[in-house]
Amino acid sequence: MDQEETKKSKPGVRKRADAIKPYLCKHLIAVLECPRDILNIGTVIRNVNAMGVEKVYIVDPTHKLPDDWQDMRDRRKLASTSVSAVKWTFVKRFDSTTDCLDHLEKNGFTSIVTSPHRKGKESLYLHEGDFTQYPKLAVWFGSEGSGISEEAVERCEMCVAVPMFGMIESLNLGTSSGIVLYEVTKQRREYQSRFRKKGQRAERANLLPTEMPLTDTH
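In this text, all values refer to a predicted model and were calculated from it rather than measured experimentally. Counting restarts for each chain, with residues numbered from 1 along the sequence as it is written. Only residues with pLDDT of at least 70 are given local features in this predicted model, and only at 80 or more are side-chain atom pairs given and counted; all residues enter the totals for whole chains, interfaces and linings. In computing side-chain values, all of the structure's heavy atoms are included and hydrogens and water are not.

Participant: Kindly report on the environment of Ile179, identifying the contributing residues and their values.
Facilitator: Runs of H or I in DSSP of at least four residues are treated as helices and runs of E of at least two as strands, each being numbered from the N terminus. Structurally, Ile179 can be placed in helix 8 (residues 173-205). Working definition: with a 1.4 Å probe on protein chains only, accessible area under 20% of the residue-type maximum means buried, over 50% means exposed, and in between means partly exposed. By relative accessible area, Ile179 is classed as partly exposed at 34%. Considering only alpha carbons, one finds Ile179 and Leu126, 53 residues apart in sequence, at a separation of 9.1 Å. Residue contacts follow a heavy-atom distance rule, with two residues in contact if any of their heavy atoms lie within 4.5 Å. Residue contacts for Ile179: discarding those within four places in its chain leaves Leu126, Val162 and Leu171.

Shown next, in the form of C-alpha cells:
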C-alpha cells in the first residue's frame with residue numbers, strides 16, 4: 001500500500017502490517033514464466049503473500065497484465081483469486097524471459113528454477129537444498145503447459161524438484177509454488193532470525209555499563 005492508503009486504512013490493518021515486517025523474507029522473488037491462467041496467477045500471489053516472499057515477477061509476453069502494479073490491484077479476478085493479496089504484494093511484469101533475467105542479474109540476484117533434473121545442470125530435490133547461501137534469490141516457476149523454458153534453465157544456478165511418488169508425478173502451479181516457497185522461506189526466515197539475534201547480542205555486548213538497560217531484580 002502507498003502512504004496515503006496506509007493513512008486511510010484501519011488501525012488494525014496498520015498494526016498487522018507492522019507486526020509482520022520482521023518475518024518477511026528480504027531479497028526473495030518468485031518468478032512466474034508465461035503463466036496461462038490469470039486465476040493461477042492470483043493463487044500464486046496469495047501463496048507469495050502468505051509465505052512472506054518480498055516480490056512477484058511475471059514474464060507476460062501476451063500482456064495479460066497491465067504494466068503498472070497499481071492497475072493490477074484493480075483487476076477483479078486477481079483480487080478475488082488472490083484473496084486481495086495483490087493489494088499487499090509488489091508485482092512487476094516483463095515482456096520476455098530475457099528481460100527478466102537481465103534485470104535480476106543486473107541487481108545481483110541468483111536464479112533457481114523448479115524443474116525435474118536436467119542433464120548438465122546441478123539438480124536436487126527441494127529438501128536437499130540450502131536456500132540461505134544466496135543473498136538475493138529468485139525462484140522460477142514455469143508455465144502450466146510447457147514448464148520452464150530452456151533459456152531460464154540455462155541461465156539459472158540449479159534446478160529444484162519436489163519429490164513425488166504417485167502414479168501422476170505432476171503438481172499444478174498453485175500447489176507447487178506453495179510447497180517450494182514454504183521450504184525456501186522457512187530456511188531464509190530462520191537464517192534471518194539467527195542473524196538478527198546475533199546482531200542484537202553483539203550490540204548489547206558493546207554497550208558501556210552505564211548504557212545497559214535496567215533489569216528488575218525482584
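Now that the structure is up, let's keep going.
Participant: So what's going on with the sheet that holds strand 4 (residues 110-114)? Residues and values would help.
Facilitator: Paired strands are those between which DSSP finds at least two bridges. The strand order across the open sheet built from 7 strands is 3-2-1-6-4-7-5, with neighbouring strands paired in parallel fashion. Since the sheet does not close on itself, it has two edges, and those belong to strand 3 (90-94) and strand 5 (123-125), each with one partner. The average angle at which neighbouring strand axes cross in this sheet is 25°, direction not considered. By the bridge criterion, 5 bridges tie strand 2 (residues 53-59) to strand 3 in an arrangement that is parallel. Following the sheet pairing, Val56 is matched in strand 3 by Val91. A fitted line through C-alpha atoms represents every axis, and for helices the fit uses only the stretch in contact; the resulting angles, taken between N-to-C directions, go from 0 to 180 degrees.

Participant: So what's going on with the side chain of Glu33? Residues and values would help.
Facilitator: Checked against the element boundaries, Glu33 lands in strand 1 (residues 25-33). Ignoring sequence-local partners within four residues, the contact set of Glu33 consists of Val59, Thr97, Trp140, Phe141, Gly142, Ser143, Gly147, Ile148, Ser149 and Ala152.

Participant: Can you tell me about the pattern of salt bridges, naming the residues and giving the values?
Facilitator: The rule for a salt bridge is simple: a side-chain nitrogen of Lys or Arg has to be within 4 Å of a carboxyl oxygen of Asp or Glu. Here the structure, examined in full by the defined rule, presents 7 salt bridges. Between Asp60 and Arg93 there is a salt bridge, with the nearest N and O atoms lying 3.1 Å from each other. Separated by 33 residues along the polypeptide, Asp60 in the loop between strand 2 and helix 4 (69-72) and Arg93 in strand 3 bring together distant segments of the chain. Exposure remark for Asp60: the relative accessible area of 4% places this residue in the buried category. Looking at Arg93, the relative accessible area reads 8%, which means it is buried.

Participant: So what's going on with helix 3 (residues 38-51)? Which residues, and what values?
Facilitator: Here helix 3 is 14 residues long and its end C-alpha atoms lie 20 Å apart, about the 20 Å a rise of 1.5 Å per residue gives. What helix 3 keeps buried is the set Ile38, Ile41, Gly42, Val44, Ile45, Asn47, Val48 and Met51. A 3.5 Å cut-off defines polar contacts: any pair of N or O atoms within that distance qualifies, except that in protein one atom must be a possible hydrogen donor and the other a possible acceptor, and neighbouring residues in sequence count only when both atoms are side-chain atoms. Of the residues flanking the start of helix 3, the one acting as N-cap is Asp37, its side-chain oxygen 2.8 Å from the backbone nitrogen of Leu39. A positive phi of about 80° marks Gly52, the residue just after helix 3. Helices are assigned an expected span. That span is 1.5 Å times one less than the residue count.

Participant: Describe the packing of aromatic side chains, and please don't skip the residues or the numbers.
Facilitator: The geometry of an aromatic ring pair comes down to the distance between the two centres and the angle between the two planes. Here the aromatic set is Phe, Tyr and Trp, taking the six-membered ring for Trp, and pairing holds for ring centres within 6.5 Å; pairs whose planes are under 30 degrees apart are stacked, those over 60 apart are edge-to-face, and all others are tilted. A complete count under the given rule lists 1 aromatic pair for this structure. As a reminder, the over-ring test applies to NZ of lysine and CZ of arginine, requiring each to be within 6 Å of the ring centre and within 35 degrees of the ring normal. Sitting over the face of the ring of Phe90, Lys55 holds its NZ or CZ atom 5.3 Å from the ring centroid.

Participant: Describe the state of the cysteines, naming the residues involved and giving the relevant values.
Facilitator: Count a disulfide wherever a pair of cysteine sulfur atoms falls within 2.5 Å. Taken as a whole and judged by the stated rule, the model has 0 disulfides. Cys159 takes part in no disulfide bond, and the closest cysteine sulfur, belonging to Cys156, lies 4.5 Å away. Note on Cys159: relative accessible area 0%, which makes it buried.

Participant: Before we move on, could you go through the confidence of the model for the protein and cite the residues and values that matter?
Facilitator: For every residue, the predictor reports its confidence as pLDDT, a number between 0 and 100. In this model, the protein carries an average pLDDT of 84, and 84% of its residues clear a pLDDT of 70 or more. Counted against residues more than four places away or in other chains, residues 207-218, with its pLDDT under 50, gives 4 contacts.

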